[in-house]
Amino acid sequence: MQNNSIITQCPSCETQFRVTQGQLKVANGQVRCGACLAIFCAVEYEQKPKSAEPTPPQKATTGKVREDEATNAFEKLKLALPLADEKNPPKPDEIATTVSTATNPTNKDKKEIIQTVSASAVPTLTIEAEPVVLNRSNGAKASSPWWFIGCVLAIITLITQHLWFNRGDLYWTHTYRPLYDTVCQHIDCQIPTRVNTAKITNQQFLIRPHSEIADAITIDLVLINEANHNQPYPALHIAFSDLKGRPVASRTLQPESYLDRSVVNLKSMPTHQPIQISLDLMSPGIRGINYQLELLAPAL
């Protein structure tokens, strides 16, 4: 056995192969049997060469031993001779040539014998690199069309919820208003009114005694809607307090209390237009020398 190779035996079919150290390093010792294609570790099934048994000492030859050796030589000679044909028996020259070839082979015969032995020697193992194939598990199945339909329905549901719960703000945009107008003709949308009292300012606050009623006052206001859209008229919260800031009197007036519904649309205060408002209230007395006006969202 060569120093850089070993002989291993396949555990499945018991075929022996010669494997070099270079082939072992390619696959970390794993080899494939060329006969049954089984994969095994070549080092684990390495076949150690049998040690040569010592030759027993030769005994003194006797007449009996020599006679046995002659008999065995004759038997080997018969095996080497071709079978005789009864009709065409071999000629003496052919027998002599056969015997001569069997007993004294020529160099050509020796080469043929060596080639035959080499061909029948332990076969070498060929290792071929194979690509790694990743197979999908049997449990993984193709996506069902119902999964796609469910995703589409979920997206539609989210969009619908966004349009419905934010309709109070989206309705007033030019992009969504045609959509809401079409839908609200078939269902009760109840679009919430846009209210932004921070965009309503008071340009005047004048208190004077009432011209006809005693112990009454008149308050003149000028309100302006500075928003870019119409909105409901605000609720007016008027509070009076004394010098120490203690409350004396207060009152909250809704739009229907200080406006005439038959003349003014309470839910549509025009933009950038001064609105003159006069309020008739009872006098808070001599203690109510401080006053404050607060604009609140109306109770719709």
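Residues numbered from 1 in each chain as written. Predicted model: local features only at pLDDT ≥ 70, side-chain atom pairs only at ≥ 80, totals over all residues. Heavy atoms only, no water.

Asker: For the overall build of the protein chain, give the residues involved together with the corresponding values.
Answerer: Scanning the protein chain for helices and strands turns up 8 helices and 10 strands. Residue burial in the protein chain is summarised as follows: out of 300 residues, 21% are buried. Within the protein chain, residue pairs in contact and separated by at least 24 positions form 57% of the contacts whose partners lie at least 6 positions apart. Of the roughly 22,800 Å² that the protein chain leaves accessible, carbon and sulfur atoms contribute 54%. (Helix = DSSP H or I, 4+ residues; strand = E, 2+ residues; numbered from the N terminus. Buried < 20%, exposed > 50% of the residue type's maximum accessible area, 1.4 Å probe, protein only. Contact = heavy atoms within 4.5 Å. Areas by Shrake-Rupley, 256 points an atom, 1.4 Å probe, with all protein chains shown as cover.)

Asker: Tell me about the environment of Gln-254, residues and numbers included.
Answerer: Tracing the backbone through its elements, the reader meets Gln-254 in the loop between strand 8 (247-253) and helix 8 (255-258). Sequence separation between Gln-254 and Leu-296 is 42 residues; the distance between their C-alpha atoms is 9.1 Å. Among all residues touching Gln-254, those that are not within four sequence positions of it are Ala-235, Pro-298 and Ala-299.

Asker: Lay out a nonpolar patch on the surface with the relevant residues and their values.
Answerer: Together, Trp-146, Trp-147, Phe-148, Ile-149, Val-152, Leu-153 and Ile-156 make up an exposed nonpolar region whose accessible area comes to about 810 Å². Among the secondary structure elements, Phe-148 is positioned in helix 5 (residues 145-165). (Patch = residues over 30% accessible without salt bridge, like charges linked within 9 Å, V, L, I, M, F, W, Y side chains within 5 Å. Salt bridge = Lys/Arg side-chain N within 4 Å of Asp/Glu carboxyl O.)

Asker: Kindly report on the pairing of strand 1 (residues 5-9), identifying the contributing residues and their values.
Answerer: Here strand 1 lies mainly inside the structure; 5 of its 5 residues are buried. In this structure, strand 1 lies alongside strand 2 (residues 16-20), joined through 5 bridges in antiparallel fashion. From the neighbouring strand, Ile-6 faces strand 2, where its bridge partner is Val-19. Adjacent in sequence and paired antiparallel, strand 1 and strand 2 are bridged by 6 residues, among which Glu-14 carries a positive phi angle near 60 degrees. (Pairing = 2+ DSSP bridges.)

Asker: How would you explain unusual backbone geometry if you had to name every residue and give the values?
Answerer: Backbone geometry at Glu-14 places phi at a positive 60 degrees, although glycine is not the residue there. Secondary-structure assignment places Glu-14 in the loop between strand 1 and strand 2. Given the relative accessible area of 57%, Glu-14 is considered exposed.

Asker: Report on the pattern of salt bridges, specifying residues and quantitative values.
Answerer: Inspection of every chain in the model, using the stated rule, returns 3 salt bridges. One salt bridge in this structure joins Asp-242 and Arg-246, with 3.0 Å as the shortest N-O distance. For Arg-287, the salt bridge identified is with Asp-242, shortest N-O distance 3.5 Å. On the criterion of sequence distance, the pair formed by Arg-287 in the loop between strand 9 (275-282) and strand 10 (290-296) and Asp-242 in the loop between strand 7 (235-241) and strand 8 is long-range, its members being 45 residues apart. Several salt bridges share partner residues, and in doing so they unite Asp-242, Arg-246 and Arg-287 into one network.

Asker: Would you mind going over the sheet that holds strand 9 in detail, with residue names and values included?
Answerer: Reading across from one edge, 5-6-9 is the order of the 3 strands in this open sheet, with antiparallel pairing throughout. Both outer strands of the open sheet, strand 5 (200-209) and strand 9, are each paired with one neighbouring strand and no more. In this sheet, adjacent strand axes meet at a mean angle of 20 degrees when their direction is disregarded. Pairing of strand 6 (residues 216-225) with strand 9, which is carried by 8 bridges, proceeds in the antiparallel orientation. Residue Ile-219 lies in a different strand from strand 9, and its bridge partner there is Leu-279. (Axes fitted to C-alpha atoms, helices over the stretch in contact; angles between N-to-C directions.)

Asker: Tell me about the state of the cysteines, and name the residues and values.
Answerer: For the structure on display, the rule yields 1 disulfide. Between Cys-10, a free cysteine, and Cys-36, which holds the nearest cysteine sulfur, the sulfur-to-sulfur gap is 3.6 Å. What makes Cys-10 buried here is its relative accessible area of 1%. The thiol sulfur of Cys-33 is not disulfide-bonded, and the nearest other cysteine sulfur, from Cys-13, lies at 3.5 Å. (Disulfide = S-S within 2.5 Å.)

Asker: Break down the sheet that holds strand 10 for me, citing the residues and quoting the values.
Answerer: On the basis of which strands lie adjacent, the open sheet formed by 3 strands has the order 8-7-10 and antiparallel pairing. In this open sheet, the two strands that pair with only one neighbour each are strand 8 and strand 10. Averaged over neighbouring strand pairs, the angle between their axes works out to 15 degrees when direction is ignored.

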